[in-house]
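Given next are the chains, with one letter for each unit.
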Amino acid sequence: MPHADGRAVLLRATIAVATLALASPIAHAAPASATPAAHIPPSWAAPAEKLVTPPSSASLSPDGLRAAWASDDRRQLLSATRSAPASDWTAPDRLLSTRGRIGRIVFAPDGRRIAYEDQRTWRDDGTASDRWQFIAVYDLPSRRLDYLDPAFDLDADPRWSADGLSITFSRSVDGLMSRELTRPVPAFSTARWQPPPQRAAERFTMAAILATPYIEPPAPSGDGLSIAYLTREAESRNVYFLRVGARARRLVSYDDDDGRDLADLAVSKAGGAVAYVRGGRVNRQGDSPNPTASTEMPQQQVWIVGTANDAPRLLGSGNQPIFTPDDRYILWRSGGMVMAAALRWSNQRLLGVGEPEAFLLGAHTGMRFSPDGSEVAYERGSAIEVRDLAARTTVLIPHGGNDVDLGPVWSPDGRQLAFRREPGDSPGLLRNSCGGGERYCGPVRSEHPWAIWTVALADLVPHRIWQAKQGVGSVYYRLDQQYSPGQFGDELFWSDGGRIAFVWEGDGWRHLYAVPAAGGEATLLTPGDGEVETVAMSMDRRQLFYATNIGDLGRRHISSVGFEGAPPRAITSGEKSEWAPVPLAGGRLAYLGAGWADPPQLTIREAGGAVRLADLPRPAASFPGKLLVKPELVEFPGADGQKAFGQLFVPAHPNGCAIVFSHGGIRRQMLPGFHYMDAYQYLYDMNQYLAGRGCVVLSVEYRSSIMRGEAFRNAPDWGFTGNSEILDFVGAAHYLMARKDVDGSRGIGIYGLSWGGYMTAEALALHSDLFKVGFDMAGVHTSPDPVGLAHSAIGQLETWTSPVFLIQGDDDMNVNFNDGVVLARALQTRRPQVELAEQAVPGQTHEMDQTFRRLVEVYSAGSEFLLSHLGVH
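Rules of the game
Residues numbered from 1 in each chain as written. Predicted model: local features only at pLDDT ≥ 70, side-chain atom pairs only at ≥ 80, totals over all residues. Heavy atoms only, no water. Helix = DSSP H or I, 4+ residues; strand = E, 2+ residues; numbered from the N terminus. Rg over C-alpha atoms; globule rule 2.2 N^0.38 Å. Contact = heavy atoms within 4.5 Å. Areas by Shrake-Rupley, 256 points an atom, 1.4 Å probe, with all protein chains shown as cover. Lys, Arg positive; Asp, Glu negative; His and termini not counted. Charge placed at Lys NZ, Arg CZ, Asp CG, Glu CD. Core = buried A, V, L, I, M, F, W, Y, C linked by side-chain atoms within 4.5 Å. Buried < 20%, exposed > 50% of the residue type's maximum accessible area, 1.4 Å probe, protein only. Disulfide = S-S within 2.5 Å. Phe/Tyr/Trp six-rings, centres within 6.5 Å; stacked < 30°, edge-to-face > 60°. Lys NZ or Arg CZ within 6 Å of the ring centre and 35° of its normal. Polar contact = N/O pair within 3.5 Å; in protein donor to acceptor, adjacent residues only side chain to side chain. Pairing = 2+ DSSP bridges. Salt bridge = Lys/Arg side-chain N within 4 Å of Asp/Glu carboxyl O. Axes fitted to C-alpha atoms, helices over the stretch in contact; angles between N-to-C directions. Parallel < 35°, antiparallel > 145°, perpendicular 65-115°, else oblique. Left-handed = near helix turned anticlockwise from the far one by under 90°. Nonpolar A, V, L, I, M, F, W, Y, C, P; charged D, E, K, R; others polar.

Describe the overall build of the chain, naming the residues involved and giving the relevant values.
Along the chain, the regular secondary structure elements total nine helices and 58 strands. The C-alpha atoms of the chain give a radius of gyration of 28 Å, which matches the 29 Å a tight globule of 873 residues would have. On the principal axes, the C-alpha backbone points of the chain span a range of 80 × 75 × 55 Å. The contacts in the chain between residues at least 6 apart in sequence include a share of 58% that link residues at least 24 apart. Accessible surface, the chain as shown: approximately 32800 Å² in total, 51% of it carbon and sulfur. Here the chain contributes 84 positive and 98 negative side-chain charges, whose respective centroids are spaced 3 Å apart.

Give me the lowdown on the nonpolar core, citing residues and values where you can.
With 77 residues, the main nonpolar core has Ile659, Tyr751, Phe775, Met777, Phe852 and Tyr859 as its most contacted residues. In this structure, Leu77, Tyr138, Val730 and Leu770 belong to the second largest nonpolar core, which totals 65 residues.

How would you sum up the state of the cysteines? Please name residues and give values.
Among covalent bonds in proteins, the disulfide is the one between the sulfur atoms of two cysteines. The full count for this structure, using the stated rule, is one disulfide. The side chain of cysteine 657 participates in a disulfide bridge whose partner is cysteine 695; the two sulfur atoms lie 2.0 Å from each other. Around the S-S axis, the bridge from cysteine 657 to cysteine 695 shows a dihedral of about 90° and counts as right-handed. Taken together, the residues span a long stretch of sequence, with cysteine 657 in the loop between β52 (643-649) and β53 (658-662) and cysteine 695 in the loop between α3 (678-692) and β54 (696-701) at a distance of 38 residues. By relative accessible area, cysteine 657 is classed as buried at 1%.

Explain the packing of aromatic side chains to me, using residue names and the numbers behind them.
As enumerated under the stated definition, the model contains 29 aromatic pairs in all. Ring plane angle 45° and centroid distance 4.4 Å describe the contact between tryptophan 132 and phenylalanine 817, whose orientation is recorded as tilted. Taken as a pair, tryptophan 132 in strand β10 (residues 131-139) and phenylalanine 817 in helix α8 (residues 817-830) lie far apart in primary sequence, 685 residues in all. One exposure class covers both tryptophan 132 and phenylalanine 817, and it is buried. Aromatic side chains tryptophan 466 and tryptophan 504 sit 5.0 Å apart centroid to centroid with 75° between the ring planes, which places their arrangement in the edge-to-face category. On the criterion of sequence distance, the pair formed by tryptophan 466 in strand β36 (residues 463-467) and tryptophan 504 in strand β40 (residues 499-504) is long-range, its members being 38 residues apart. Above the ring of tryptophan 453, the side-chain terminus of arginine 421 is found at 4.3 Å from the ring centroid. Lying across the ring of tyrosine 477, arginine 510 places its NZ or CZ 4.3 Å from the centre.

Break down the side chain of histidine 846 for me, citing the residues and quoting the values.
For histidine 846, the location among the structural elements is in the loop between β58 (836-841) and α9 (852-869). With relative accessibility at 4%, the residue histidine 846 sits in the buried group. At a separation of 2.8 Å, a polar atom in the side chain of histidine 846 contacts the side chain of aspartate 812. Among all residues touching histidine 846, those that are not within four sequence positions of it are Leu753, Ser754, Ala778, Asp812, Asn814 and Val815.

Any details on the sheet that holds strand β46 (residues 569-570)? Residues and values, ideally.
Spatial strand order, β43-β44-β45-β46: four strands in an open sheet with antiparallel pairing. Edge strands, defined here as strands with exactly one partner in the open sheet, are β43 (532-537) and β46. The sheet contact formed by strand β45 (residues 557-561) and β46 spans two bridges and is antiparallel. Bridging from a neighbouring strand, serine 560 pairs with arginine 569 of β46.

Describe the pairing of strand β6 (residues 76-81), and please don't skip the residues or the numbers.
Most of β6 sits out of view: five of its six residues are buried. Pairing analysis gives five bridges linking strand β5 (residues 66-70) to β6, with the strands arranged antiparallel. Each bridged residue has a counterpart across the sheet, and for alanine 67 the counterpart in β6 is alanine 80. Relative to strand β7 (residues 93-97), β6 runs antiparallel, the two being bridged by four bridges. Bridging from a neighbouring strand, leucine 78 pairs with arginine 94 of β7.

Account for the pattern of salt bridges, with residues named and values stated.
Evaluation of the coordinates by the stated rule reveals 48 salt bridges. Of the charged contacts in the structure, one is a salt bridge between arginine 143 and aspartate 93, with a shortest N-O distance of 3.4 Å. Of the two residues, arginine 143 sits in the loop between β10 and β11 (144-147) while aspartate 93 sits in strand β7, which places them 50 residues apart along the sequence. Judged by relative accessible area, which is 38%, arginine 143 ranks as partly exposed. Judged by relative accessible area, which is 34%, aspartate 93 ranks as partly exposed. Each of Arg99, Asp118, Arg120, Asp810 and Asp811 takes part in one network of salt bridges that share partners.

Describe the packing of α3 against α9, with residues and values.
At a minimum axis distance of 11 Å, the contact between α3 and α9 shows a crossing angle of 40°. Taken together, the axes of α3 and α9 are oblique relative to one another. In this structure, α3 crosses over α9, and the sense of that crossing is right-handed. In contact with Ala679, Tyr682, Leu683, Met686, Tyr689 and Leu690 of α3, α9 contributes Leu855, Tyr859, Gly862, Ser863, Glu864, Leu866 and Leu867. By residue class, the composition of the contact of α3 with α9 is 10 nonpolar, two polar and one charged.

Please give an account of the environment of leucine 140 that cites residues and values.
Mapped onto the elements, leucine 140 comes out in the loop between β10 and β11. Through-space distance from the C-alpha of leucine 140 to that of histidine 448 is 62 Å; in sequence the pair is 308 residues apart. When residues no more than four places from it in sequence are discounted, the contact partners of leucine 140 are Arg66, Leu95, Phe107, Gly111, Arg112, Arg113 and Ile114.

Before we move on, could you go through the environment of aspartate 425 and cite the residues and values that matter?
The topology assignment puts aspartate 425 in the loop between β34 (416-422) and α2 (427-431). When the C-alpha atoms of aspartate 425 and isoleucine 794 are compared, they prove to be 31 Å apart, with 369 residues separating the residues in sequence.

So, the sheet that holds strand β48 (residues 589-594): which residues are in play, and what are the values?
The strands that make up a sheet are held in pairs by hydrogen bonds between backbone atoms, and each pair lies either parallel or antiparallel. Taken in spatial order, the four strands line up as β47-β48-β49-β50 in an open sheet, and their pairing is antiparallel. Edge positions in the open sheet fall to β47 (577-583) and β50 (611-613), since each of these has one partner strand only. Neighbour-to-neighbour, the strand axes of this sheet turn through a mean angle of 25°, independent of strand direction. As paired strands, β48 and strand β49 (residues 601-605) are joined by five bridges and run antiparallel to one another. Looking at the pairing, alanine 590 lines up with isoleucine 604 of β49.

Below, the structure written as structure tokens:
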């Protein structure tokens, strides 16, 4: 539960869909003590005075006093009770909701627990190859749910032991005889989970290193005098707030490890309130992640909290909150519309929030308010629209054919818009990000290059002011400024001097350029080998601050540059990395930074250069900073002689063990220190843990990774087109085996997440002679085309002999869970001699890090599997 002075306030979220205009800022304001709306019984629930007879298919408890059955859609477990076998039944109670489908239901001998089949599917038609099934156990006294040894297979027919302490069930795989398994029933302890204690073989525990605080990129207030940021600190998720010149303080804390993410941070103009989203994005079935198997399905919700030690208020379901520039309203996306609520203030203190009302109907993304706040521009479909708030009118920016207009930004005077135009079939639109489990990035050239256009709102006549050339850079390559799914930061920057800056990789590197707003030649702003990753414009619109690896290809640092072409100025440098620059008022700059033994920390830099570190969050006393090893940036040849890169972790006391790590993404780059992405910080933690157990670890920066130029990122035959990346992993294995501190006779271990899981499976399938064990985390294993499938591990199983541990969250929205299902079943049917350990993680998404407990368990299990097979105990 959230904590803020011990109070929590729930704001009613009745949606008036017929109201399309913003309401008065006071008319619908609610006091901070608003009470929840009255509970409306679900559609299946009968009035209390009406007696209900359970369906004939219901299961009865051994004493006959409770019945349990599935709802018509099989997504709810319902129950009714009676006082005696001949008595009438009570009205049904909903015990739980599930994203799966409920099958056979069986009571425990004492009637206190219920086991049932929980059928999951990737496709709506539920074909056999896309189905998997768990055995779920529901505990009536605690109203909690858990699963029995979930895997990628079909588990069915649960049967209780006579003492109720174990359940026997059948596990089947198409093409094989089913197996009978018996597993103990979950304990359903009410005690708070405690991390495992340190063992003699450990320099520090997995929990200790994974508890290192992670900080999301900060969000500034509109006046640049305040900043807020989200953190993940072991079992707690927090919202912090800092006013310029003051100390940071925690506004909200969710410390029960319920697995509900915090995201989409927004700060009001005067810093009087902070909005955020709680709960993960919805999956294809419309469900928000449920990593703790909560019996009430979680929702993705928008919250607002005043910064004067107020309690958080619930606005409603949705995401992407944004304050209007005058702080009179807060807007957010909810389903197929944009909602708005009026805000009531007194001396910059939030007093009340009005009833949410529909502001815009339809799917709108990338909302950008004009400088005076009177209009808002946004993307809708393939076009850009502008809404006049006072006139309540909307205009469409003209475009023709299949063009797609993206990323509108306002001119300083609010009279014009600049935007990017791409052809509708642009590979940049379709596949250029190459993340989220995508199988193939497609062409990297376009016959119809992207362009920058401007339009005056007075005449609505667009003008093309610049267009990329054919060849390298003809397909737009975004900045890495996606702060949440579907929500991107600015890609164009309009200066007060009438120039528009943008990124382009026309010279083979993603560099900043600027062009006159009236049109003309582009000026290179950031020369040199290396790339610009994120960009922010100063509040006076005269400077650009950016994170880059120019001059230090293995790290990130902050630099600034003007719009006219003067040389850039380095703001940070050294062995640490810095990222996420946020310009503030008075020439100040906020940014995040971390080192190899220094956790991420927020820094405020004054205009004169003095820096101050935010004092929150602080690492726990168990943080093993003094026991970590300093990674070395290394280069080594791939199997074909092409240069590959990596970060090498050499333990103080190596024991001969060696492990290769593959990042995912696929467009990613690891750092020689704590990372700016949460999942990659945890993977850095795991590399440090493995080094702490005496293994030399090589984190491979293979061809198709980012920040080393277009040619390296789009290497020939990468991915399912030819799997050329495997050459770098073979080179990495030989590089390690040639070291004196590695016992080559043991072979090499390998692990990775997502595309890293793909590389793990490829290495094991093709080179079990080198890679003796693998840990495949949510790997990509299927391809829609025959060529891709032939280059996948599934198409090359014949030489796979090494043991593998497969694990994946079954609510994975990046890589189909079916990928794990297909590989696990292929190994069992075609390569039964391969040692296979498998674990599905119900309710967890791609990174399997929604709860700290699960994060520790997943990383610990994978580490022990690798280490035990490499002779480390």
